Amino acid sequence: MVLLGFYEASSTSARNRPHEPTASKPVVPRGYVERIVVVMDSFDVVVLGGGPAGEVAAGRLADAGLEVALVEDDVVGGECSFYACMPSKALLRPEEILREVHRVPGAAEAVTGKLDVQAVLDRRDEVIHDLDDSSQLPWLEDKGIKLYRGFGVLAGEKRVDVGDDQLEARQAVILAGGSRALLPPIEGLREAEPWTNREATTAKHVPEAVVILGGGVFGTELAQAYCSLGSKVTLIEGERRLLPNLEEFACEQVTDSLVEHGVDVRTGRKAAKIVQDGDTLTVHMDDGSTVDAEQLIAALGRHARTEELGLESVGLEGGDYVEVDENMQVPGHDWLYAIGDVNGRILLTHMGKYQARVASEHILGNPSAAEHGADGQRSPQVVFTDPQVAAVGHTEKTAREAGLDFHILETGTSTNAGGSFYGHDAPGTSRLLVDKESDLIVGATITGSEVADFLHAATIAIVGEVPMGRLWHATPSFPTRSEIWLKLMEKWETAKGAA
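Residues numbered from 1 in each chain as written. Predicted model: local features only at pLDDT ≥ 70, side-chain atom pairs only at ≥ 80, totals over all residues. Heavy atoms only, no water.

> Give a detailed account of the overall build of the protein, specifying residues and quantitative values.
Within the protein one finds 14 helices and 23 strands. Dimensions of the protein, computed from C-alpha atoms along their principal axes, come out at roughly 100 × 60 × 45 Å. Counting across all 499 residues of the protein, residues that qualify as buried make up 48%. Sequence separation of at least 24 residues holds for 64% of the intrachain contacts in the protein that already meet a minimum separation of 6. Total accessible area on the protein stands at roughly 23,800 Å², and carbon and sulfur atoms take up 49% of it. Charged side chains in the protein number 45 positive and 78 negative. The centres of these two groups are separated by 2 Å. (Helix = DSSP H or I, 4+ residues; strand = E, 2+ residues; numbered from the N terminus. Buried < 20%, exposed > 50% of the residue type's maximum accessible area, 1.4 Å probe, protein only. Contact = heavy atoms within 4.5 Å. Areas by Shrake-Rupley, 256 points an atom, 1.4 Å probe, with all protein chains shown as cover. Lys, Arg positive; Asp, Glu negative; His and termini not counted. Charge placed at Lys NZ, Arg CZ, Asp CG, Glu CD.)

The structure is reproduced here in structure tokens:
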């Protein structure tokens, strides 16, 4: 930002100007008005937030020849790269491998002992580059993207303040500031200084005992991770079961596995009060029971970072998710977009990246997302527990709520030739929901060992609306577990014949 100070004549002509004073301090002549001209840094697009969604948007727009500024107040790469997805999977992976090996005769006998906890933590630190984002910066320079370190605040239409810098967007501003962990008003919760995802995924030591509040995706993954690292883990979920938004059979399999490996799972209970006594805290639950621990972990949801975003300067309200249309554009503001967690449509990293592509194409004049629906019910997700849970589309519950009439097709994930290589008692169930009228898959849930990459075939079938009859011709290789699709096809034929 450049500040230019100058005097402009109002009524006194040049020949009537007084002589310059001899004093060292300048005197403003009468009849002159002092004006400060602020020259803003101008770009085609300003992106607020350097997480995955913001990075994708900035990169695509820069590749298209636009001048782009990226504003980030923490680390470029965002929450997922440094404090969530990546470190949590680094903590989970070693135990996942051990469990798999122990199911395979021959390999099981060769592996003795427990995890090397310090080695796991060290590897986690390698994955997140010790919270140093310098490795994320060269690509910004290569694409000509200008990085501003600081918190970006809207200061009117197409205006952004970043500390002392003022930015102007000639075309668009994209909000991609993400979300933070939610801490509900539970008595004593904040005073107990609970770990959120940030502290829990980057901790340098493993507590002797932890209590995790929240049995969703993050809570169940952390429960498995800390149990595998040696903590005594208690997992508390207010709903009647863990993973309440997924198929019930998936929840049951994950719960059984957690309990088998030593996690104390308590469902249908909520924390009413937290009491700290020295190095020990006690969680008092609404049924009168208590549990003690060294460390409390809050996995109770997320909230958008919009409180101090300056939305009020453009007639919007801060503190909640930003409403957008199918192009990620904020209604009534044709220059403003919101992508990723900040819009609340679906809080998943890969869907934030997808929304970045949608918004970028719209800014470039190539709208391709009208009525796509791909970031709603069709969004894929994976829970990296053992067994893993991979799901896309409807569950049985949401399909019934939507009024759909559908077949339920189900088979064991490892009940074929390929599954025999995954050892004894390999867990897992594969389920498809197929609409009876259209013969389209409307939901898929797959559980089992290393099934995360199974999901994309189902996602393609659902988003691409591939009829079951056409899928018959997509032949899976032998001997792979992908042959579950053949079994599911056979069940579909049986179901259709019985209808």
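> Please provide a residue-by-residue account of the side chain of Q136, values included.
Take Q136: it is sitting in the loop between α5 (117-127) and α6 (138-143). On the basis of relative accessibility, which here comes to 18%, the residue Q136 falls in the buried class. Apart from the residues lying within four places of it in its own chain, the contact partners of Q136 are E55, V76, G77, S81 and F82.

> So what about the pattern of salt bridges? Which residues, and what values?
Scanning all chains against the criterion turns up 33 salt bridges. The residue E221 makes a salt bridge to K89 at a minimum N-O spacing of 3.0 Å. Placement of E221 in helix α8 (residues 217-228) and of K89 in helix α3 (residues 85-102) is noted, with a sequence separation of 132 residues between them. The exposure class assigned to E221 is buried, which follows from its relative accessible area of 4%. Overall, the relative accessible area of 24% leaves K89 in the partly exposed class. Salt-bridge contacts for E96 lead to R93; the nearest nitrogen and oxygen are separated by 2.7 Å. Remark: R93 and E96 occur in helix α3; sequence separation between them is 3 residues, near one turn of the helix. Using a relative accessible area of 37% as the deciding quantity, one classes R93 as partly exposed. By sharing partners, the salt bridges in this structure join D74, E79, R180, R198 and R302 into a single network. (Salt bridge = Lys/Arg side-chain N within 4 Å of Asp/Glu carboxyl O.)

> Give me the nonpolar core: which residues, what numbers.
Taken as a class, soluble globular proteins show a tendency for nonpolar side chains to be buried jointly. Core analysis: the biggest nonpolar cluster contains 48 residues, and V46, L154, L167, V173, I174, L175 and I339 have the highest contact counts within it. Counting residues in each nonpolar core, the second largest holds 25 residues, with L243, V254, A299 and A391 among its members. (Core = buried A, V, L, I, M, F, W, Y, C linked by side-chain atoms within 4.5 Å.)

> Tell me about the sheet that holds strand β11 (residues 232-237), residues and numbers included.
Overall, parallel pairing links the 4 strands, which are arranged β12-β11-β10-β16 in an open sheet. At either margin of the open sheet sits one strand with a lone partner, and together these are β12 (264-267) and β16 (295-298). Taken pair by pair, the neighbouring strands of this sheet meet at an average axis angle of 15 degrees, ignoring direction. Of the strand pairs in this sheet, strand β10 (residues 209-213) and β11 are connected by 5 bridges, and their pairing is parallel. Bridge pairing in β11 links V211 to T234. Against the sheet, α8 engages β10, β11 and β16, with an angle of about 170 degrees to β11. (Pairing = 2+ DSSP bridges. Axes fitted to C-alpha atoms, helices over the stretch in contact; angles between N-to-C directions.)

> Would you mind going over the state of the cysteines in detail, with residue names and values included?
If you walk through the whole model with that rule in mind, you get 1 disulfide. Cysteine C251 is unpaired, with the sulfur of C227 as its nearest cysteine sulfur at 17 Å. (Disulfide = S-S within 2.5 Å.)

> An account of the packing of aromatic side chains is needed here, citing residue identities and associated values.
Considering all chains together, one arrives at 2 aromatic pairs under this definition. Note on W195 and Y226: the rings are 6.3 Å apart at their centroids and 45 degrees apart in plane angle, and the pair reads as tilted. Residue W195 is found in the loop between β9 (179-181) and α7 (197-202), and its partner Y226 is found in helix α8; the two are separated by 31 residues along the sequence. Across this residue pair, the class does not change: W195 and Y226 are buried. Here the guanidinium or amino end of R198 rests over the ring plane of Y83, the centre of that ring lying 3.8 Å away. (Phe/Tyr/Trp six-rings, centres within 6.5 Å; stacked < 30°, edge-to-face > 60°. Lys NZ or Arg CZ within 6 Å of the ring centre and 35° of its normal.)

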